[in-house]
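# Inside the fold
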Amino acid sequence: MLDADFHSHTLFSGCGIHTVIEMLSAAREKGVKALAITDHGKLVGGKANNVFFERMDNPVNGIRLLKGIEANLDGSGGTDTPQSVLKFMDIVLLGIHDNIPKNLGAEYYTKLLIDTIKKAPYVDLVSHPNNAGMFPLNHLDLCKAAIDYNFAIELNNSKIKYSRTDTADTMAMLEACVKTGCMTIIASDAHCITEIGEDRHIRTLLNSISFPEHQIVNSTYDKAIEFIDMRKKNKR
């Protein structure tokens, strides 16, 4: 179980089925200390609004709300992160989603991601990069870029749990992380309350290669919050 879960979705994403309060309350009951609400950006139908970012301040006692977004590439070198509320965000995820054309190859997608992050230093985490069936990536190049541009690679539990990724591709990603020593973050990618804080499925793969715990940014609550605080300057 994660102390700090950096990736979850609510009704504002369309794919989530619970409210922000329901997600936070369930997370607290499970013993999670901090939960990031990272609803999708507008390019794939996300509807998170300014009120959430500007006015909602830790509405559930006993758990810290981390405000974030799972942003999308806009196809022209930018993201759909709303700049007007960026200063209120704790974490920004960036993932390749269905608004980007498929079947363009690993070299194309890897370059698109890296070039975008070069221009968007507020991006903290590349979400579910192990998606070879739809958007293959050169994991070694991406992990090297993570070192150069100071972002983290997500180790997504949900993709493993629901067999929505190729195990060989995931293992290649993990090996690239170990080889480069880049920062990583374990996240549940929860879409319902039962998934919050889950890490069991990705942990099985991590344990199989003795993945270095010091590379996992959110291995403890204190380390997770230290990362959030360190990255804040990139959002102002």
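In case you missed it, the structure is sitting above this.
Keep in mind it's a predicted model, so treat the numbers as computed, not measured.

So, on to helix α7 (residues 200–208). Where α7 is concerned, the buried positions are Ile202, Arg203, Leu205 and Leu206. All buried residues of α7 fall inside an arc of 160° around its axis, so they share one side. Facing away from the buried surface of α7 by more than 90 degrees, the exposed residues are Arg200, Thr204 and Asn207. Buried residues belonging to α7 abut β6 (152–156), α5 (157–161), α6 (167–180) and β7 (184–187). Phi turns positive one or two residues past the end of α7, at Ser210, with a value near 50°.

Paired through backbone hydrogen bonds, the strands of a sheet run either parallel or antiparallel to each other. Pairing is parallel across the open sheet formed by seven strands, whose spatial order is β1-β2-β3-β4-β5-β6-β7. Strands at the two margins of the open sheet, each flanked by one partner only, are β1 (4–5) and β7. The sheet contact formed by strand β4 (residues 91–95) and strand β5 (residues 125–126) spans two bridges and is parallel. The residue of β5 that forms the bridge with Leu94 is Val126. Packing against the sheet, helix α8 (residues 221–231) makes contact with β1, β2 (34–40), β3 (64–72), β4 and β7, and its axis sits at approximately 55° to β3.

Right, let's get into the packing of aromatic side chains. Counted under the stated rule, the structure contains four aromatic pairs. With 6.4 Å between their ring centres and 25° between their planes, Phe6 and Phe227 make a pair best called stacked. Taken as a pair, Phe6 in the loop between β1 and α1 (20–30) and Phe227 in helix α8 lie far apart in primary sequence, 221 residues in all. Pair check on accessibility: Phe6 and Phe227 agree, each one buried. Ring geometry for Tyr108 versus Tyr109: centroids 5.5 Å apart, planes at 80°, classification edge-to-face. Under the relative-accessibility criterion, Tyr109 is labelled buried at 0%.

Per the stated rule, a full pass over the model turns up ten salt bridges. For Glu29, the salt bridge is made with Arg28, and the minimal N-O distance between the two is 3.7 Å. Residue Glu29 is classed as exposed on the basis of its relative accessible area of 63%. In this structure Arg28 comes out as partly exposed when scored by relative accessible area, which is 33%. A salt bridge links Glu198 to Lys161, with the nearest nitrogen and oxygen atoms 3.1 Å apart. You can see Glu198 sitting in the loop between β7 and α7 and its partner Lys161 sitting in helix α5, a full 37 residues away along the chain. For Lys161, a relative accessible area of 27% puts it in the partly exposed group. Among the charged side chains, a network of salt bridges with common partners joins Lys111, Asp115 and Lys118.

Calculation notes
Residues numbered from 1 in each chain as written. Predicted model: local features only at pLDDT ≥ 70, side-chain atom pairs only at ≥ 80, totals over all residues. Heavy atoms only, no water. Buried < 20%, exposed > 50% of the residue type's maximum accessible area, 1.4 Å probe, protein only. Helix = DSSP H or I, 4+ residues; strand = E, 2+ residues; numbered from the N terminus. Arc of directions from axis to C-beta. Contact = heavy atoms within 4.5 Å. Pairing = 2+ DSSP bridges. Axes fitted to C-alpha atoms, helices over the stretch in contact; angles between N-to-C directions. Phe/Tyr/Trp six-rings, centres within 6.5 Å; stacked < 30°, edge-to-face > 60°. Salt bridge = Lys/Arg side-chain N within 4 Å of Asp/Glu carboxyl O.

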